[in-house]
Amino acid sequence: MEFISGIKEKETVSICDIILGDDAYGSKETGIAMEGKSIRLNGAVHTIRDMGELAFLVLRRQDGVVQCVYTEENVSFDLKTLKEGATLEVQGVVATEERAPNGFEIRLTDMKVLSMPSYDTMLPIPISKWKLKTSLETKLSLRPISLRNIRERAIFKIQEGIVRGFRDFMFAQKFTEVRTPKIVAGNAEGGANVFKLEYFGKKAFLAQSPQFYKQTMVGVYDRVFEVAPVFRAEKHNTTRHLNEYTSMDFEMGYIDGFEDIMEMEQAMLDYTFKFLEKEYSKELQILGVKLPDASKIPTVRFDEAKQLVAEKYDRKIKNPYDLEPEEEILIGKYFSEEYGSDLVFVTHYPSKKRPFYAMEDPTDMKFTLSFDLLFKGMEITTGGQRIHNYEEQVAKMVDRGMDPEDFSNYLMIHKYGMPPHGGLGIGLERLTMRLLDEQNVRETTLFPRDVSRLEP
């Protein structure tokens, strides 16, 4: 009888092993630890540079790229049969080479093909180029291939880091991670832009937000968070909208005011950016990213923000109840110029433009205790304090022409007791987009879903 009893140690090594050796998880010493040693390494052929007497094979691995030096006298393999995308296991001697990626190269003594691609001529796009000089449409249509490019890979490693930083911070602040349904019977946002489903003879929707559920879980754990997809059936075809995106949500109870939520987000972003600087410096360098300062974030009221940009940039206020994209850009510009900040909280949005669960400002009921966070002139976060009193929530629903009976499951939390609470949702792809100064949110979405794209 055979048993599985743990992960077997592989004979192949990683880039980290080669550089740091046995001290791979300790302090880094100068030089290449495995200099002069014979090692085994696996990876995919990223590019082949045939120089005649010798050739350079660049192998792509999860932890970076490795330059291998091939010569006919040392390796009995016909290089002409090799294609980009082939996967190999190679053996060779580590040699310091400052011009090579990571400061070393492998001088090959043996190589074994693990798999060979079946295309005839060449890859449809040159993924080995430093930057893909192809249209966004081409990149998205050939996503399984384009994502192998070094810069494209770096984008989504940084996105991984954002989620890691968010999650680590939430745990440190005693939040509980939850998983909420994405097939729902009700519509949290109250609008018509929902994807409808036939669900065993019943009417169902794809969730626009985890709002009802994360509020529910505040009554269970006090502080909760989730990172998950949300769906919006909006027929937008802009550079900032998607029909499926990843939302980083948290909700917290026993707050003194909605300022507590903004303070939590500021601290989370400050932690996350420092985490990226520490753990993802290689990817930040590849993409030339300059991280913003999130140690303090200015705040401005909604009505004041509109007035400030109207006066400074000679722009007439057209819609007193909402921010137009151009206004968001100008608000971002204003706070960058006046306060040197790429981030700004815009608070006290008008009640008529916020959902029914948003708490009104008791000093002026036309406004809510809510906010958006703008990053370089684009909204990446919406949040605020929620109504926790049963009678107040029912009264607001009735005032908006809603039938409280349709929300009986949601209202159960109010009826049986909820602490003062609030929370927010952050669009992961938009946050990544602004962080990397990309011009289209599809650049920072692995497999975008929009009005025209359902594949790949």
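This is a predicted model, so every value here is computed, not measured.

## A closer look at the packing of helix α4 (residues 150–172) against helix α6 (residues 259–279)
- Between α4 and α6, whose axes approach to 9 Å, the crossing angle comes to 130 degrees. For the element pair α4 / α6, the angle class is oblique. In the crossing of α4 with α6, the sense of the turn from one axis to the other is right-handed. Contacts between α4 and α6 pair I158, G161, I162, R164, G165, F166, D168, F169 and M170 from the former with M264, A267, M268, Y271, T272, F275 and L276 from the latter.
- In terms of residue class, the contact of α4 with α6 is built from eleven nonpolar, three polar and two charged.

## Topic: the pairing of strand β3 (residues 64–71)
- Across the eight residues that make up β3, a large majority, eight, are buried.
- Of the pairings in the sheet, the one linking strand β2 (residues 54–61) to β3 comprises eight bridges and is antiparallel in character. Bridge pairing in β3 links L57 to C68.
- Once β2 ends, the chain turns through two residues before running back antiparallel as β3.
- Where β3 meets strand β5 (residues 104–115), three bridges bridge the pair, whose relative direction is parallel. Bridging across to β5, Q67 finds its partner in E105.

## As for the sheet that holds β2
- Around the barrel, which closes on itself, the five strands sit in the order β1-β2-β3-β5-β4 with mixed pairing between neighbours. Neighbour to neighbour, the strand axes of the sheet diverge by 55 degrees on average, direction disregarded.

## Here we look at the environment of E234
- Position of E234 among the secondary structure elements: in the loop between β10 (223–231) and β11 (244–253).
- Residues in contact with E234, not counting those within four places in the same chain, are N193, H241, N243 and V451.

## As for the sheet that holds strand β7 (residues 183–184)
- The three strands lie next to each other as β7-β9-β8, forming an open sheet whose pairing is antiparallel. A single partner strand is all that each edge strand has here, and the edge strands are β7 and β8 (196–199).
- Alignment of β7 against strand β9 (residues 202–206), held across two bridges, turns out to be antiparallel. Within the sheet, the bridge partner assigned to I183 lies in β9 and is L206.

Rules behind the numbers
Residues numbered from 1 in each chain as written. Predicted model: local features only at pLDDT ≥ 70, side-chain atom pairs only at ≥ 80, totals over all residues. Heavy atoms only, no water. Axes fitted to C-alpha atoms, helices over the stretch in contact; angles between N-to-C directions. Helix = DSSP H or I, 4+ residues; strand = E, 2+ residues; numbered from the N terminus. Parallel < 35°, antiparallel > 145°, perpendicular 65-115°, else oblique. Left-handed = near helix turned anticlockwise from the far one by under 90°. Contact = heavy atoms within 4.5 Å. Nonpolar A, V, L, I, M, F, W, Y, C, P; charged D, E, K, R; others polar. Buried < 20%, exposed > 50% of the residue type's maximum accessible area, 1.4 Å probe, protein only. Pairing = 2+ DSSP bridges.

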